[in-house]
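One letter stands for each residue in the lines below.
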Amino acid sequence: MSSQTLDTGTPDLLATLDAGVLTLTLNRPDARNAMSRAMNQALAQQLAAAELNPAVKCIVLTGAGKGFCAGGDVKGMAAAGDGTVGALTIDEAIHVQRVNQRATAGKLFKMPKPTIAALPGPAAGAGLALALACDLRIMASTAILTTAFARVGFSGDYGGTYFMTQLVGAAKARELYLLSERVSADEALRLGLTNWVCAPEELAERTREIARRLAAGPAVAYRYMKENLNRALAGGDIDDCLDLEATHHIHCGQTEDHREAAQAFVEKREPVFKGR
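Residues numbered from 1 in each chain as written. Predicted model: local features only at pLDDT ≥ 70, side-chain atom pairs only at ≥ 80, totals over all residues. Heavy atoms only, no water.

Chemist: What should I look at first to understand the overall build of the chain in this one?
Modeler: When you go through the chain residue by residue, the secondary structure sums to eleven helices and ten strands. For the chain, the spread of C-alpha atoms along the principal axes amounts to about 65 × 45 × 40 Å. Per-residue burial for the chain yields a buried fraction of 42% across its 276 residues. Taking the contacts inside the chain whose residues are at least 6 apart along the sequence as the reference set, 66% of them involve residues at least 24 apart. Roughly 14,800 Å² of accessible area belongs to the chain as shown, and the carbon and sulfur atoms make up 55% of that amount. Considering the chain, the positive charge centre built from 29 side chains and the negative charge centre built from 30 side chains are found 2 Å apart. (Helix = DSSP H or I, 4+ residues; strand = E, 2+ residues; numbered from the N terminus. Buried < 20%, exposed > 50% of the residue type's maximum accessible area, 1.4 Å probe, protein only. Contact = heavy atoms within 4.5 Å. Areas by Shrake-Rupley, 256 points an atom, 1.4 Å probe, with all protein chains shown as cover. Lys, Arg positive; Asp, Glu negative; His and termini not counted. Charge placed at Lys NZ, Arg CZ, Asp CG, Glu CD.)

Here you go:
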């Protein structure tokens, strides 16, 4: 199947579907891919569609140019003279923010399909939160991470405090938020904030390899796997987690993918999954 370009309704977000991999590219390189309202709305719409589209097996989130995402558009906020509210009331602004966070970072996290953040360069603030919301992260060796919020007088959004705490623990998360230090790719790998680090020129190809491997995997098992993992992260009771695992495991045993994998094991070949 040839690559398909999708209409996102805005140049601030690009979308392509190729071999089951939906690549969403944050596309404001002159602003370090800082979030715009159009970008956020398009991202939410694309993720909602991807969740229900059987042709999408894996989602890659990346940034155009040399950056991943600088987070909120601080320059735009400064020009407006108002950090977050604008023409809205405070209650309206809070509601809009809540809806958008759940539709973007929340959706990446809960999406019943594998999600990957590919970082060609810096991820800061809400941009970092979007990366941490994904299942997996791959960074160019020149990329850096920073919470950044303390430097601009914000407390943080898009689930970053939740994701960061789960990945590195409470004490380190507090350090990274309170001090807003820059974290190198190598340090991110050591801390567990990224899964892989590679040379900048290898990022696209390495990401493509991982994404296509996931896209060719057992979609039903992945869906239940993510639900199991997310239940555990949410502090589910051990018996509830065991029961959920049992239900999902037995169900997967009835799938065509499992039968194909078992036969492939006997025949000493790689299985061909169909997602059913």
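Having put the structure on the table, let's press on.
Chemist: For this particular structure, what's the right way to read the nonpolar core?
Modeler: Buried together is how nonpolar side chains tend to be arranged in soluble globular proteins. Residues Leu 24, Leu 145, Met 164 and Leu 193 are the most contacted members of the largest nonpolar core, which totals 48 residues. In terms of residue count, the dominant contributor to this core is helix α4 (residues 126-133) (seven residues). Residues within four places of Met 164 in sequence aside, it is in contact with Leu 128, Leu 132, Thr 147, Gly 169, Ala 173, Leu 176, Tyr 177 and Leu 193. Ala 118, Ile 138, Cys 198 and Leu 214 belong to the second largest nonpolar core, which has 14 residues in total. (Core = buried A, V, L, I, M, F, W, Y, C linked by side-chain atoms within 4.5 Å.)

Chemist: Looking at this structure, I do not really get the packing of aromatic side chains. What am I missing?
Modeler: Given two aromatic rings, one states the distance between the centres and the angle between the planes to describe the pair. In this structure the tally under the stated criterion is four aromatic pairs. Centre to centre, the rings of Tyr 162 and Phe 163 are 5.7 Å apart; their planes meet at 80°, and the pair counts as edge-to-face. The exposure class assigned to Tyr 162 is partly exposed, which follows from its relative accessible area of 34%. Residue Phe 163 is classed as buried on the basis of its relative accessible area, which comes to 8%. In textbook terms, an aromatic cluster arises when at least three aromatic residues are bridged by ring pairs, as seen for Phe 109, Tyr 162 and Phe 163. Of note, Arg 223 hangs over the ring of Tyr 224, and the distance from its end group to the ring centre comes to 5.4 Å. (Phe/Tyr/Trp six-rings, centres within 6.5 Å; stacked < 30°, edge-to-face > 60°. Lys NZ or Arg CZ within 6 Å of the ring centre and 35° of its normal.)

Chemist: Even after reading the chapter, I still don't get the pattern of salt bridges, so can you show me in this structure?
Modeler: If charged atoms from side chains of opposite charge come close, those side chains can pair. Counting across every chain of the model gives eleven salt bridges. Among the ionic pairs, Glu 205 bridges to Arg 208, the shortest N-O distance being 2.5 Å. Residue Glu 205 and its partner Arg 208 are located together in helix α8 (residues 203-215), separated by three residues, close to a single helical turn. Given a relative accessible area of 40%, Glu 205 falls into the partly exposed group. Connected through salt bridges with shared partners, the residues Glu 256, Lys 274 and Arg 276 form a single ionic network. (Salt bridge = Lys/Arg side-chain N within 4 Å of Asp/Glu carboxyl O.)

Chemist: Whenever I open this one, the side chain of Thr 25 confuses me. Can you help?
Modeler: Locating Thr 25 in the fold gives a position in strand β3 (residues 21-26). With sequence-adjacent residues up to four places away left out, Thr 25 is seen in contact with Asp 12, Leu 13, Leu 14, Thr 62, Gly 63 and Ala 64.

Chemist: Would you take a moment to explain the pairing of strand β2 (residues 13-18) for this structure?
Modeler: Residues in a regular strand project their side chains so that they alternate between the two faces of the sheet. Alternating residues of β2 divide into Leu 13, Ala 15 and Leu 17, all buried, and Leu 14, Thr 16 and Asp 18, none buried. Where strand β1 (residues 4-6) and β2 come together, three bridges link them in antiparallel fashion. Bridge pairing in β2 links Thr 5 to Thr 16. Two successive antiparallel strands, β1 and β2, enclose a turn made up of six residues, where Gly 9 displays a positive phi of approximately 85°. As judged from the six bridges shared by β2 and β3, these two strands associate in the antiparallel manner. The residue bridging Leu 13 from the neighbouring strand is Leu 26, located in β3. Connecting the antiparallel pair β2 and β3 is a turn made up of two residues, with Ala 19 showing a positive phi of about 55°. (Pairing = 2+ DSSP bridges.)

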